[in-house]
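Okay, here's what each chain looks like letter by letter:
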Amino acid sequence: MGRRQQPETVGVLDRINNLPDSILSHILSFLPNKEAVRTSVLSTRERVHLESFWVNDYFVDDEDGYLPLYGWISTALSRGLKNIGINFINEKVPVLPTLLFTSHSLVTLTLFLHIKDDMKVPTNACLPNLKNLCLTNLAFEDGYSILKLISSCHVLEDLTIYDCCFHSISELNIHNHLLRRLILCFEHVCVRDYDYVMAIDAPSLVYFEYTGIVGKGYTLSNMKSLVKAEISISHFHEVHSERSATQLLQGICNVQSLHLAIEAFNETFFRTRLDPKLVFHNLVELEFHSYYCYRKGVRLVEFLHNVPNLKTLILDLADGEEGLRSLPIPSCLLFHVKEIKISGVDGSKYAFEMISYFLNHAMVLEKLILKMINLLGKDELCILKKLLRLPRNSKKCEVVVH
């Protein structure tokens, strides 16, 4: 009698077992949650080396439907999972598994929840190897839970908080000595949910991004390592808004590159240029945008007095007013600014006044880049000729028009 042939599945299993770990993980990332977990039956190695896992509740109708999801999450975490993302769209979700906050293998944790109830963080939370934490749409009834979660991440390097609500707190504390990237976006948070002071202590931070309305106050300390910051602030109607915005800028005064976008500030904002605490000695690149702002050109030139070593300036000319000629000349224009990029160039008197101001006073300017808005061909050609005829005091200045 002939030898019995081995089932074909044995050969399949052998081929799967022989695949490199990176390829196995890549294949699993394309499978639905249920199928990804089932593959643990096929390969022993996959039960140990599953690196990434993404879970959603798109097809869950009630709380009982979360039991298998939580089972998969706990199983994956118990097998050394490194990266997990949870996206729950339902507002009523059972408390997340405790193992999610006590895993020693997790490196990246992403939580995107729509629940309105308080986010529960266990008292024994400990994520000793977590480096990346992203929280979206979470609600914290007090400051303890978020503080406990952040402090439990001993080697955290990247923290992102999108549109999270912090109720009934007077101060939001983010203290971490290893944190290198911090993104705080409160673009869709109601004003009434923003009545707290933000305290940040992150001496290793190199990138900081903040988007939202101006809060009640800011205490930003130990940001001497900061390289780049992107600040987009709005809502300057409260009494404390100007003071708070100044506190925010004071906290990042060591930054080297700053993207600053401001919406609807009034005439007195930025009239603190003589305050030595607001001088950005290390700032060499500034991108400035303002919307619905009073005398935006004047405010910009006044702010340039606070950046004495600036080399690159990027701005837009939309909705500006005249009145620059009588202003004192910032020292950065006289001695340091070498490149200016201006967008939104039309044929208005304000545009020509602003461009002329820079060409007259930027004594070491090497390149002026102008991006024109869409105009009719004849008008654009006429404006272009006028722009190129403007006098310039820097002999090295090249004017480039797009």
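Relevant structure appears above.
Residues numbered from 1 in each chain as written. Predicted model: local features only at pLDDT ≥ 70, side-chain atom pairs only at ≥ 80, totals over all residues. Heavy atoms only, no water.

Chemist: Can you break down the overall build of the chain residue by residue, with the values?
Modeler: Counting its secondary structure elements, the chain contains 11 helices and 19 strands. By element, 53% of the accessible surface of the chain is carried by carbon and sulfur atoms, the whole surface being about 20,100 Å². (Helix = DSSP H or I, 4+ residues; strand = E, 2+ residues; numbered from the N terminus. Areas by Shrake-Rupley, 256 points an atom, 1.4 Å probe, with all protein chains shown as cover.)

Chemist: Please provide a residue-by-residue account of a nonpolar patch on the surface, values included.
Modeler: Nonpolar side chains collect at one region of the surface, where Tyr58, Phe59 and Ile89 lie side by side and expose about 390 Å² of accessible area between them. By the element assignment, Tyr58 lies in the loop between strand S1 (52-56) and helix H5 (66-78). (Patch = residues over 30% accessible without salt bridge, like charges linked within 9 Å, V, L, I, M, F, W, Y side chains within 5 Å. Salt bridge = Lys/Arg side-chain N within 4 Å of Asp/Glu carboxyl O.)

Chemist: Give a description of the environment of Phe140 that names residues and reports values.
Modeler: Considering the arrangement of structural elements, one finds Phe140 in strand S5 (residues 139-140). Judged by its relative accessible area of 0%, Phe140 falls in the buried class. As for Phe140 and Cys164, which are separated by 24 residues in sequence, their C-alpha atoms are 7.7 Å apart. Sequence-distant contacts of Phe140, defined by excluding residues within four places in its chain, comprise Asp118, Met119, Leu135, Ser145, Ile146, Cys165, Phe166 and His167. (Buried < 20%, exposed > 50% of the residue type's maximum accessible area, 1.4 Å probe, protein only. Contact = heavy atoms within 4.5 Å.)

Chemist: Give a detailed account of the pattern of salt bridges, specifying residues and quantitative values.
Modeler: One pass over the structure, following the stated rule, counts three salt bridges. Residue Asp118 is joined to Lys120 by a salt bridge in which the shortest nitrogen-to-oxygen separation is 3.6 Å. Look at Lys120 and you get partly exposed, because its relative accessible area is 48%.

Chemist: Now, about unusual backbone geometry: what can you tell me, with residues and values included?
Modeler: Phi is positive for Asn137, which is not a glycine, with a value near 65°. Among the structural elements, Asn137 can be located in the loop between strand S4 (132-136) and S5. For Asp163, which is not a glycine, the phi torsion comes out positive at approximately 50°. Along the polypeptide, Asp163 turns up in the loop between strand S6 (158-162) and strand S7 (165-166).

Chemist: Give me the lowdown on the side chain of His289, citing residues and values where you can.
Modeler: Along the polypeptide, His289 turns up in strand S15 (residues 285-291). Here the side chain of His289 touches Asp316 through a polar contact of 2.7 Å, side chain to side chain. When residues no more than four places from it in sequence are discounted, the contact partners of His289 are His259, Leu260, Ala261, Ile262 and Asp316. (Polar contact = N/O pair within 3.5 Å; in protein donor to acceptor, adjacent residues only side chain to side chain.)

Chemist: Would you mind going over the packing of aromatic side chains in detail, with residue names and values included?
Modeler: In this description, an aromatic ring pair is defined by two values, namely the gap between the centres and the angle between the planes. According to the stated counting rule, one finds 10 aromatic pairs in the structure shown. Ring geometry for Tyr66 and Tyr70: centres 6.1 Å apart, planes at 55°, overall tilted. Highlighted residues: Tyr66 and Tyr70, both in helix H5, separated by four residues, approximately one helical turn. Judged on exposure class, the residue Tyr66 and its partner Tyr70 are both buried. Ring geometry for Phe166 against Tyr196: centres 6.0 Å apart, planes inclined by 80°, an arrangement best described as edge-to-face. Pair noted here: Phe166 is in strand S7 and Tyr196 is in the loop between strand S9 (181-186) and strand S10 (197-201), with a separation of 30 residues, a long-range link. Take Phe166 and Tyr196: they sit in the same class, and that class is buried. Among the aromatic residues, those joined into a ring-pair cluster are Phe140, Phe166, Phe186, Tyr196, Tyr210 and Tyr218. Across from the ring centre of Phe352, 4.7 Å away, lies the NZ or CZ of Lys386, which sits over that ring. (Phe/Tyr/Trp six-rings, centres within 6.5 Å; stacked < 30°, edge-to-face > 60°. Lys NZ or Arg CZ within 6 Å of the ring centre and 35° of its normal.)

Chemist: For the pairing of S9, give the residues involved together with the corresponding values.
Modeler: Burial analysis of S9 places five of its six residues in the buried class, the great majority of the element. Relative to S9, S6 runs parallel, the two sharing five bridges. Bridged to Thr160 within S9 is Ile183. The pairing of S9 with strand S11 (residues 207-213) spans six bridges and is classified as parallel. Considered in S11, the bridge of Leu184 is made with Tyr210. (Pairing = 2+ DSSP bridges.)

Chemist: Any details on a negative patch on the surface? Residues and values, ideally.
Modeler: A surface patch of negative charge is lined by Asp61, Asp62, Glu63 and Asp64. Residue placement: Asp64 occurs in the loop between S1 and H5. (Lys, Arg positive; Asp, Glu negative; His and termini not counted. Charge placed at Lys NZ, Arg CZ, Asp CG, Glu CD.)

Chemist: Account for helix H6 (residues 143-151), with residues named and values stated.
Modeler: For H6, the full list of buried residues reads Ser145, Ile146, Leu149 and Ile150. On an axial view of H6, the arc spanned by its buried residues comes to 125°, and they lie on one face. Check the buried side of H6 and you find it contacts S4, S5, S6, S7 and strand S8 (171-175). (Arc of directions from axis to C-beta.)

Chemist: Describe the sheet that holds S8, naming the residues involved and giving the relevant values.
Modeler: Either a parallel or an antiparallel arrangement is found when strands of a sheet pair, and the pairing is made through backbone hydrogen bonds. If you walk across this open sheet you meet the three strands as S8-S10-S12, and the pairing is parallel. Of all strands in the sheet, those with a lone pairing partner are S8 and strand S12 (217-221), marking the two edges. Neighbour-to-neighbour, the strand axes of this sheet turn through a mean angle of 10°, independent of strand direction. Alignment of S8 against S10, held across five bridges, turns out to be parallel. The partner of His175 across the bridge, within S10, is Asp201. (Axes fitted to C-alpha atoms, helices over the stretch in contact; angles between N-to-C directions.)

Chemist: Describe the packing of helix H8 (residues 296-304) against helix H10 (residues 349-361), naming the residues involved and giving the relevant values.
Modeler: Interhelical geometry of H8 versus H10 gives an angle of 15° and a closest axis separation of 11 Å. The orientation of H8 with respect to H10, classified from their angle, is roughly parallel. The two elements H8 and H10 cross, and the hand of that crossing is right-handed. Facing H8, whose interface residues are Lys296, Gly297, Leu300, Val301 and Leu304, H10 presents Tyr350, Met354, Tyr357 and Phe358. (Parallel < 35°, antiparallel > 145°, perpendicular 65-115°, else oblique. Left-handed = near helix turned anticlockwise from the far one by under 90°.)

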